[in-house]
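# Secondary and tertiary structure notes
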Amino acid sequence: MATNIVPSTDPTTNIPTHTKAWFYSEHGKPTDILKLHPNWSIPQLKDNQVLIKVVAVSLNPVDYKRMHALFKDTDPHLPIVPGFDVSGIVVKVGFKVVKFKVGDEVYGDINEEGLSNLKILGTLSEYTIAEERLLAHKPNNLSFIEAASIPLAIETAYEGLERAQLSPGKSILVLGGAGGVGSFAIQLAKHVYGASEIAATSSTGKLHLLRELGVDLPIDYTKDNFEDLPQKFDVVYDTVGEVDRAMKAIKEGGKVVTIVPPGFPPALFFVLTSKGSILEKLRPYFESGQLKPILDPKTPIPFSEVIEAYSYLETSRATGKVVIYPIP
(Lines give C-alpha, C1' and ligand atoms only; values in the text may rest on other atoms or scores of the structure.)
Protein backbone atom coordinates (compact mmCIF):
# COMPACT_ATOMS: atom_id res chain seq x y z
CA MET A 1 0.00 0.00 0.00
CA ALA A 2 1.09 3.57 -0.62
CA THR A 3 1.12 4.37 3.07
CA ASN A 4 3.93 1.87 3.63
CA ILE A 5 6.31 3.21 0.98
CA VAL A 6 9.53 4.56 2.49
CA PRO A 7 10.50 8.03 1.20
CA SER A 8 13.53 8.27 -1.07
CA THR A 9 16.70 9.71 0.41
CA ASP A 10 19.91 11.22 -0.86
CA PRO A 11 22.41 8.47 -0.03
CA THR A 12 25.27 10.94 0.45
CA THR A 13 23.55 12.87 3.24
CA ASN A 14 20.66 10.66 4.36
CA ILE A 15 18.43 13.71 3.87
CA PRO A 16 15.07 12.87 2.26
CA THR A 17 14.43 14.00 -1.31
CA HIS A 18 10.81 12.78 -1.39
CA THR A 19 8.04 12.51 1.17
CA LYS A 20 4.68 10.91 1.76
CA ALA A 21 2.03 13.65 1.62
CA TRP A 22 -1.68 14.36 1.30
CA PHE A 23 -2.42 16.44 -1.80
CA TYR A 24 -5.17 17.55 -4.17
CA SER A 25 -4.99 18.33 -7.89
CA GLU A 26 -8.48 19.81 -8.33
CA HIS A 27 -10.83 21.89 -6.21
CA GLY A 28 -13.84 20.41 -4.42
CA LYS A 29 -14.84 18.62 -1.22
CA PRO A 30 -11.97 17.15 0.81
CA THR A 31 -13.69 13.75 0.63
CA ASP A 32 -13.60 13.88 -3.17
CA ILE A 33 -10.19 15.41 -3.90
CA LEU A 34 -7.67 14.50 -1.18
CA LYS A 35 -5.26 11.71 -2.05
CA LEU A 36 -2.13 10.27 -0.46
CA HIS A 37 1.03 10.65 -2.54
CA PRO A 38 3.74 8.08 -1.70
CA ASN A 39 6.69 10.03 -3.11
CA TRP A 40 6.14 13.80 -3.33
CA SER A 41 9.30 15.68 -4.31
CA ILE A 42 10.79 17.91 -1.61
CA PRO A 43 11.96 21.30 -2.99
CA GLN A 44 15.59 22.37 -2.78
CA LEU A 45 16.28 23.98 0.60
CA LYS A 46 16.97 27.73 0.35
CA ASP A 47 19.61 29.50 2.41
CA ASN A 48 17.07 30.91 4.89
CA GLN A 49 14.98 27.76 5.23
CA VAL A 50 14.72 24.78 7.55
CA LEU A 51 13.79 21.20 6.64
CA ILE A 52 11.49 19.71 9.29
CA LYS A 53 10.60 16.12 10.09
CA VAL A 54 6.92 16.63 10.81
CA VAL A 55 5.67 15.18 14.11
CA ALA A 56 2.19 16.74 14.33
CA VAL A 57 -0.04 19.00 12.20
CA SER A 58 -3.14 20.95 13.15
CA LEU A 59 -5.94 21.58 10.68
CA ASN A 60 -7.48 24.98 10.08
CA PRO A 61 -10.69 26.11 8.34
CA VAL A 62 -8.56 27.93 5.76
CA ASP A 63 -7.41 24.49 4.54
CA TYR A 64 -10.83 23.32 3.38
CA LYS A 65 -11.78 26.80 2.19
CA ARG A 66 -8.77 26.62 -0.13
CA MET A 67 -9.93 23.20 -1.33
CA HIS A 68 -13.30 24.73 -2.17
CA ALA A 69 -11.46 27.35 -4.33
CA LEU A 70 -12.52 30.31 -2.20
CA PHE A 71 -9.09 31.91 -2.63
CA LYS A 72 -8.16 30.71 -6.10
CA ASP A 73 -7.27 34.23 -7.28
CA THR A 74 -4.31 34.28 -4.89
CA ASP A 75 -3.98 30.51 -4.48
CA PRO A 76 -4.01 29.15 -8.04
CA HIS A 77 -1.43 26.35 -7.84
CA LEU A 78 -2.39 22.72 -8.33
CA PRO A 79 -1.50 20.07 -7.36
CA ILE A 80 -0.74 21.16 -3.80
CA VAL A 81 -0.10 19.72 -0.34
CA PRO A 82 -2.32 21.56 2.20
CA GLY A 83 -1.47 22.53 5.77
CA PHE A 84 -0.21 25.62 7.64
CA ASP A 85 0.65 24.53 11.19
CA VAL A 86 3.47 22.19 12.10
CA SER A 87 5.52 20.92 14.99
CA GLY A 88 8.57 18.80 14.39
CA ILE A 89 12.31 18.30 14.46
CA VAL A 90 14.89 20.13 12.37
CA VAL A 91 16.80 17.75 10.07
CA LYS A 92 18.63 20.28 7.87
CA VAL A 93 19.21 24.05 7.85
CA GLY A 94 20.16 26.50 5.11
CA PHE A 95 23.59 28.07 5.55
CA LYS A 96 22.16 31.49 6.53
CA VAL A 97 20.00 30.00 9.33
CA VAL A 98 21.32 31.01 12.77
CA LYS A 99 18.40 30.45 15.17
CA PHE A 100 18.05 26.69 14.70
CA LYS A 101 20.28 23.65 14.42
CA VAL A 102 19.69 20.03 13.47
CA GLY A 103 17.75 18.27 16.24
CA ASP A 104 15.90 21.36 17.50
CA GLU A 105 12.20 20.97 18.27
CA VAL A 106 10.29 23.71 16.44
CA TYR A 107 6.79 24.85 15.58
CA GLY A 108 5.16 27.47 13.40
CA ASP A 109 2.81 28.48 10.58
CA ILE A 110 4.80 27.93 7.37
CA ASN A 111 2.73 30.25 5.11
CA GLU A 112 3.88 33.80 5.73
CA GLU A 113 1.27 35.76 3.78
CA GLY A 114 -1.84 33.87 4.81
CA LEU A 115 -3.71 33.66 1.49
CA SER A 116 -1.06 34.36 -1.14
CA ASN A 117 2.32 32.93 -2.11
CA LEU A 118 1.33 29.71 -0.35
CA LYS A 119 3.77 26.83 -0.32
CA ILE A 120 3.22 23.94 -2.75
CA LEU A 121 4.47 21.58 -0.02
CA GLY A 122 2.31 22.25 3.04
CA THR A 123 2.50 20.51 6.39
CA LEU A 124 0.35 17.40 5.79
CA SER A 125 3.49 15.55 4.90
CA GLU A 126 6.29 13.55 6.52
CA TYR A 127 8.66 16.45 5.83
CA THR A 128 8.12 20.13 5.14
CA ILE A 129 10.13 23.31 4.65
CA ALA A 130 9.78 26.73 6.29
CA GLU A 131 11.70 29.98 6.48
CA GLU A 132 13.59 30.50 9.72
CA ARG A 133 11.61 33.66 10.54
CA LEU A 134 8.31 31.73 10.58
CA LEU A 135 9.42 29.24 13.24
CA ALA A 136 10.04 29.22 16.98
CA HIS A 137 11.49 26.80 19.50
CA LYS A 138 8.81 24.54 20.94
CA PRO A 139 8.09 25.32 24.61
CA ASN A 140 9.61 22.53 26.68
CA ASN A 141 6.43 21.88 28.66
CA LEU A 142 4.26 21.32 25.58
CA SER A 143 3.93 18.10 23.61
CA PHE A 144 4.31 18.13 19.84
CA ILE A 145 0.53 17.67 19.59
CA GLU A 146 -0.11 20.71 21.79
CA ALA A 147 2.50 22.80 19.97
CA ALA A 148 1.08 21.99 16.53
CA SER A 149 -2.31 23.33 17.62
CA ILE A 150 -0.99 26.79 18.40
CA PRO A 151 0.71 28.82 15.62
CA LEU A 152 -1.90 30.04 13.13
CA ALA A 153 -4.62 30.40 15.76
CA ILE A 154 -2.63 32.29 18.37
CA GLU A 155 -0.80 34.46 15.86
CA THR A 156 -4.17 35.42 14.34
CA ALA A 157 -5.62 36.13 17.79
CA TYR A 158 -2.58 38.21 18.71
CA GLU A 159 -2.50 40.25 15.49
CA GLY A 160 -6.21 41.02 15.81
CA LEU A 161 -5.83 42.29 19.37
CA GLU A 162 -2.86 44.41 18.31
CA ARG A 163 -4.86 45.94 15.46
CA ALA A 164 -7.79 46.62 17.80
CA GLN A 165 -5.37 48.25 20.26
CA LEU A 166 -6.66 46.27 23.23
CA SER A 167 -5.00 47.54 26.40
CA PRO A 168 -5.35 47.16 30.19
CA GLY A 169 -8.74 48.27 31.47
CA LYS A 170 -10.58 47.82 28.17
CA SER A 171 -13.45 45.37 27.67
CA ILE A 172 -13.74 42.83 24.87
CA LEU A 173 -16.37 40.56 23.30
CA VAL A 174 -15.09 37.53 21.36
CA LEU A 175 -17.52 36.05 18.84
CA GLY A 176 -16.79 32.33 18.53
CA GLY A 177 -14.97 31.96 21.82
CA ALA A 178 -14.70 28.16 21.74
CA GLY A 179 -12.90 27.99 18.39
CA GLY A 180 -9.16 27.95 17.79
CA VAL A 181 -8.68 31.71 17.32
CA GLY A 182 -11.42 32.68 19.75
CA SER A 183 -10.12 30.58 22.64
CA PHE A 184 -6.67 32.15 22.26
CA ALA A 185 -8.12 35.66 21.91
CA ILE A 186 -9.81 35.15 25.29
CA GLN A 187 -6.64 33.89 26.94
CA LEU A 188 -4.49 36.66 25.48
CA ALA A 189 -7.01 39.32 26.49
CA LYS A 190 -6.95 38.03 30.05
CA HIS A 191 -3.31 37.14 30.65
CA VAL A 192 -1.34 39.33 28.22
CA TYR A 193 -3.46 42.44 27.55
CA GLY A 194 -5.12 42.88 30.96
CA ALA A 195 -8.69 43.33 29.71
CA SER A 196 -11.10 44.53 32.40
CA GLU A 197 -14.04 42.45 31.21
CA ILE A 198 -14.21 39.55 28.76
CA ALA A 199 -17.41 38.35 27.12
CA ALA A 200 -17.65 35.61 24.52
CA THR A 201 -20.23 33.69 22.52
CA SER A 202 -20.58 29.95 22.03
CA SER A 203 -23.22 27.26 21.76
CA THR A 204 -24.84 25.93 24.94
CA GLY A 205 -22.55 22.93 25.25
CA LYS A 206 -19.39 25.00 25.13
CA LEU A 207 -20.24 27.63 27.76
CA HIS A 208 -18.32 25.65 30.37
CA LEU A 209 -15.14 26.04 28.29
CA LEU A 210 -15.63 29.81 28.14
CA ARG A 211 -15.86 29.91 31.94
CA GLU A 212 -12.74 27.76 32.27
CA LEU A 213 -10.87 30.17 30.00
CA GLY A 214 -11.78 33.07 32.28
CA VAL A 215 -14.72 34.64 30.45
CA ASP A 216 -16.71 36.96 32.73
CA LEU A 217 -19.83 36.97 30.56
CA PRO A 218 -20.44 33.75 28.58
CA ILE A 219 -23.19 34.27 25.99
CA ASP A 220 -25.22 31.40 24.53
CA TYR A 221 -25.77 32.49 20.93
CA THR A 222 -28.61 29.98 20.55
CA LYS A 223 -30.61 31.89 23.20
CA ASP A 224 -29.34 35.48 23.29
CA ASN A 225 -28.50 38.11 20.71
CA PHE A 226 -25.25 39.65 21.93
CA GLU A 227 -25.98 42.97 20.23
CA ASP A 228 -29.17 43.37 22.30
CA LEU A 229 -27.40 43.09 25.66
CA PRO A 230 -27.06 46.29 27.71
CA GLN A 231 -23.30 45.88 27.94
CA LYS A 232 -21.22 47.46 25.18
CA PHE A 233 -17.53 46.79 24.59
CA ASP A 234 -14.33 48.60 23.68
CA VAL A 235 -13.35 45.79 21.31
CA VAL A 236 -15.31 43.08 19.49
CA TYR A 237 -13.22 40.30 17.93
CA ASP A 238 -15.31 38.61 15.23
CA THR A 239 -14.10 35.12 14.27
CA VAL A 240 -17.42 33.98 12.78
CA GLY A 241 -18.44 36.61 10.21
CA GLU A 242 -20.99 38.80 11.99
CA VAL A 243 -19.54 42.27 11.47
CA ASP A 244 -22.89 44.00 11.06
CA ARG A 245 -24.12 42.73 14.44
CA ALA A 246 -20.72 43.33 16.04
CA MET A 247 -20.87 47.03 15.16
CA LYS A 248 -23.96 47.31 17.38
CA ALA A 249 -22.10 45.88 20.37
CA ILE A 250 -19.27 48.40 20.64
CA LYS A 251 -19.02 51.51 22.77
CA GLU A 252 -18.63 54.89 21.12
CA GLY A 253 -15.07 54.89 19.79
CA GLY A 254 -14.86 51.12 20.06
CA LYS A 255 -13.33 48.84 17.42
CA VAL A 256 -14.43 45.70 15.61
CA VAL A 257 -11.76 43.42 14.19
CA THR A 258 -12.67 40.48 11.94
CA ILE A 259 -10.89 37.61 10.23
CA VAL A 260 -13.84 36.62 8.02
CA PRO A 261 -13.87 38.14 4.53
CA PRO A 262 -14.99 40.38 3.13
CA GLY A 263 -15.41 42.50 6.29
CA PHE A 264 -16.31 46.13 5.72
CA PRO A 265 -15.31 49.50 7.21
CA PRO A 266 -15.25 50.65 9.88
CA ALA A 267 -14.49 47.08 10.95
CA LEU A 268 -10.81 46.11 10.67
CA PHE A 269 -10.43 43.07 8.42
CA PHE A 270 -7.02 41.43 8.16
CA VAL A 271 -5.24 38.32 6.95
CA LEU A 272 -2.52 36.99 9.21
CA THR A 273 1.15 37.60 8.47
CA SER A 274 2.90 34.64 10.08
CA LYS A 275 5.80 35.50 12.41
CA GLY A 276 7.85 33.15 14.56
CA SER A 277 8.66 36.16 16.75
CA ILE A 278 5.07 36.19 18.07
CA LEU A 279 5.47 32.59 19.24
CA GLU A 280 8.81 33.41 20.89
CA LYS A 281 7.28 36.44 22.63
CA LEU A 282 4.40 34.34 24.01
CA ARG A 283 6.59 31.38 25.01
CA PRO A 284 6.89 32.45 28.69
CA TYR A 285 3.08 32.52 28.98
CA PHE A 286 2.89 28.91 27.75
CA GLU A 287 5.73 27.78 29.97
CA SER A 288 4.09 29.38 33.01
CA GLY A 289 0.75 27.74 32.18
CA GLN A 290 -1.11 31.03 31.72
CA LEU A 291 -1.76 30.22 28.06
CA LYS A 292 -3.04 26.72 27.31
CA PRO A 293 -3.67 24.93 24.02
CA ILE A 294 -7.29 23.82 23.63
CA LEU A 295 -7.53 20.45 21.89
CA ASP A 296 -10.70 18.97 20.48
CA PRO A 297 -11.68 15.68 22.19
CA LYS A 298 -11.10 13.83 18.90
CA THR A 299 -7.44 14.92 18.91
CA PRO A 300 -5.15 13.27 17.95
CA ILE A 301 -6.42 11.87 14.67
CA PRO A 302 -4.10 9.52 12.71
CA PHE A 303 -2.43 10.62 9.48
CA SER A 304 -4.39 7.95 7.63
CA GLU A 305 -7.68 9.63 8.64
CA VAL A 306 -7.00 13.15 7.35
CA ILE A 307 -10.07 13.08 5.09
CA GLU A 308 -12.34 12.18 8.01
CA ALA A 309 -10.68 14.89 10.10
CA TYR A 310 -11.49 17.57 7.52
CA SER A 311 -15.08 16.34 7.28
CA TYR A 312 -15.37 16.77 11.04
CA LEU A 313 -13.76 20.23 10.98
CA GLU A 314 -16.25 21.35 8.32
CA THR A 315 -19.16 20.63 10.68
CA SER A 316 -17.97 23.57 12.86
CA ARG A 317 -18.51 21.35 15.89
CA ALA A 318 -14.85 21.18 16.92
CA THR A 319 -13.88 22.66 20.27
CA GLY A 320 -10.36 24.04 20.05
CA LYS A 321 -8.00 22.44 17.56
CA VAL A 322 -7.99 19.20 15.59
CA VAL A 323 -4.47 17.76 15.38
CA ILE A 324 -3.09 15.02 13.12
CA TYR A 325 -0.66 12.65 14.88
CA PRO A 326 1.37 10.58 14.48
CA ILE A 327 2.85 11.42 11.10
CA PRO A 328 4.49 8.25 9.65
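By the naming in an unreviewed UniProt entry, the protein chain goes by 2-methylene-furan-3-one reductase-like and is assigned to Cicer arietinum. UniProt lists a comment for the protein chain under the heading Sequence similarities (unreviewed entry), and it reads "Belongs to the zinc-containing alcohol dehydrogenase family. Quinone oxidoreductase subfamily."

## Concerning the packing of helix α4 (residues 151-163) against helix α5 (residues 180-191)
Contact pair α4 / α5: the axes reach a minimum separation of 8 Å and the direction vectors enclose 55°. When the interaxial angle is binned, α4 and α5 end up oblique. When the axes of α4 and α5 are compared, the crossing they make is right-handed. Here α4 contributes A153, I154, T156, A157, Y158 and L161 to the contact with α5, which in turn contributes G180, V181, F184, A185, L188 and A189. Split into classes, the residues belonging to the contact of α4 with α5 amount to 10 nonpolar, two polar and no charged.

## A closer look at the packing of aromatic side chains
We describe a pair of aromatic rings using the distance from one ring centre to the other and the angle between the two ring planes. In total, this model carries four aromatic pairs according to the counting rule given. Centroid distance F23 to W40: 5.6 Å. Interplanar angle 45°. Geometry classified as tilted. Of this pair, F23 sits in strand β3 (residues 18-23) while W40 sits in strand β4 (residues 35-41), placing them 17 residues apart in sequence. The residues F23 and W40 share a single accessibility class, namely buried. Between F184 and F286 the ring centres are 6.1 Å apart and the planes differ by 80°, which places this aromatic pair in the edge-to-face class. Highlighted residues: F184 in helix α5 and F286 in helix α8 (residues 276-287), separated in sequence by 102 residues. In this arrangement the basic side chain of K138 is found over the ring face of F144, its NZ or CZ atom lying 4.9 Å from the centre.

## Observations concerning the pattern of salt bridges
Applying the stated criterion to the full structure yields 11 salt bridges. A salt bridge links E131 to K119; the shortest N-O distance between them is 2.7 Å. Here E131 is found in strand β8 (residues 127-131), whereas its partner K119 is found in the loop between β7 (105-109) and β8, with 12 residues between them in sequence. An identical accessibility class is assigned to E131 and K119; each is buried. A network of salt bridges, in which partner residues are shared, links E227, E242 and R245.

## Some points on α4
Relative to the 18 Å expected for 13 residues at 1.5 Å per residue, α4 spans 18 Å between its end C-alpha atoms, a close match to the ideal helical length. Most of α4 is tucked away, with 11 of its 13 residues classed as buried. Buried within α4 are the following residues: P151, L152, A153, I154, E155, T156, A157, Y158, E159, G160 and L161. Phi turns positive one or two residues past the end of α4, at Q165, with a value near 60°.

## Concerning unusual backbone geometry
Looking along the chain, the bond that leaves L78 and enters P79 is cis, with omega of -5°. Cis geometry is adopted by the peptide bond preceding P262, which originates at P261 and carries an omega value of 5°. Mapped onto the fold, P262 is located in the loop between β14 (250-258) and β15 (268-269). Residues other than glycine seldom take positive phi values, yet A69 does so here, at roughly 70°. With respect to the secondary-structure elements, A69 resides in the loop between α2 (61-67) and β6 (85-93). In this structure A69 comes out as buried when scored by relative accessible area, which is 19%. Located in the positive-phi region is N117, a residue other than glycine, with phi close to 50°. Turning to its location among the elements, N117 is positioned in the loop between β7 and β8. Look at N117 and you get exposed, because its relative accessible area is 61%.

## Some points on the side chain of S58
Tracing the chain through its elements places S58 in strand β5 (residues 49-58). A relative accessible area of 0% means that S58 is categorised as buried. A polar contact is formed between the side chain of S58 and the side chain of D85, at a distance of 2.8 Å. Leave out the neighbours within four places in its chain, and S58 touches D85, A148, S149, K321, V322 and V323.

## Digging into the layout of surface pockets
Taken as a whole, the largest pocket spans an internal volume of roughly 1,200 Å³. Surrounding the largest pocket, 43 residues form its lining, P61, K65, V181, T239 and I259 being those nearest its centre. Broken down by secondary-structure element, the contributors of at least two residues to the lining of the largest pocket are α2, α4, α5 and β11 (197-202). The dominant element in the lining of the largest pocket, judged by the number of residues it contributes, is α2, at four residues. Per-class residue counts for the lining of the largest pocket are 22 nonpolar, 14 polar and seven charged. Composition of the lining of the largest pocket by domain shows at least three residues from each of domain 1 (18-138 + 295-324) and domain 2 (153-269).

About the criteria used
- Residues numbered from 1 in each chain as written.
- Predicted model: local features only at pLDDT ≥ 70, side-chain atom pairs only at ≥ 80, totals over all residues.
- Heavy atoms only, no water.
- UniProt positions renumbered as here; feature names shortened; annotations may be inferred.
- Axes fitted to C-alpha atoms, helices over the stretch in contact; angles between N-to-C directions.
- Helix = DSSP H or I, 4+ residues; strand = E, 2+ residues; numbered from the N terminus.
- Parallel < 35°, antiparallel > 145°, perpendicular 65-115°, else oblique.
- Left-handed = near helix turned anticlockwise from the far one by under 90°.
- Contact = heavy atoms within 4.5 Å.
- Nonpolar A, V, L, I, M, F, W, Y, C, P; charged D, E, K, R; others polar.
- Phe/Tyr/Trp six-rings, centres within 6.5 Å; stacked < 30°, edge-to-face > 60°.
- Buried < 20%, exposed > 50% of the residue type's maximum accessible area, 1.4 Å probe, protein only.
- Lys NZ or Arg CZ within 6 Å of the ring centre and 35° of its normal.
- Salt bridge = Lys/Arg side-chain N within 4 Å of Asp/Glu carboxyl O.
- Expected span 1.5 Å × (residues − 1).
- Polar contact = N/O pair within 3.5 Å; in protein donor to acceptor, adjacent residues only side chain to side chain.
- 1 Å grid on protein atoms, 1.4 Å probe; cavity = no way out; pocket = protein on both sides within 12 Å on 5 of 7 lines; lining within 4 Å.
- Points joined across faces, edges and corners; volume = space filled by probe spheres on them.
- Domains from an automatic or database assignment.

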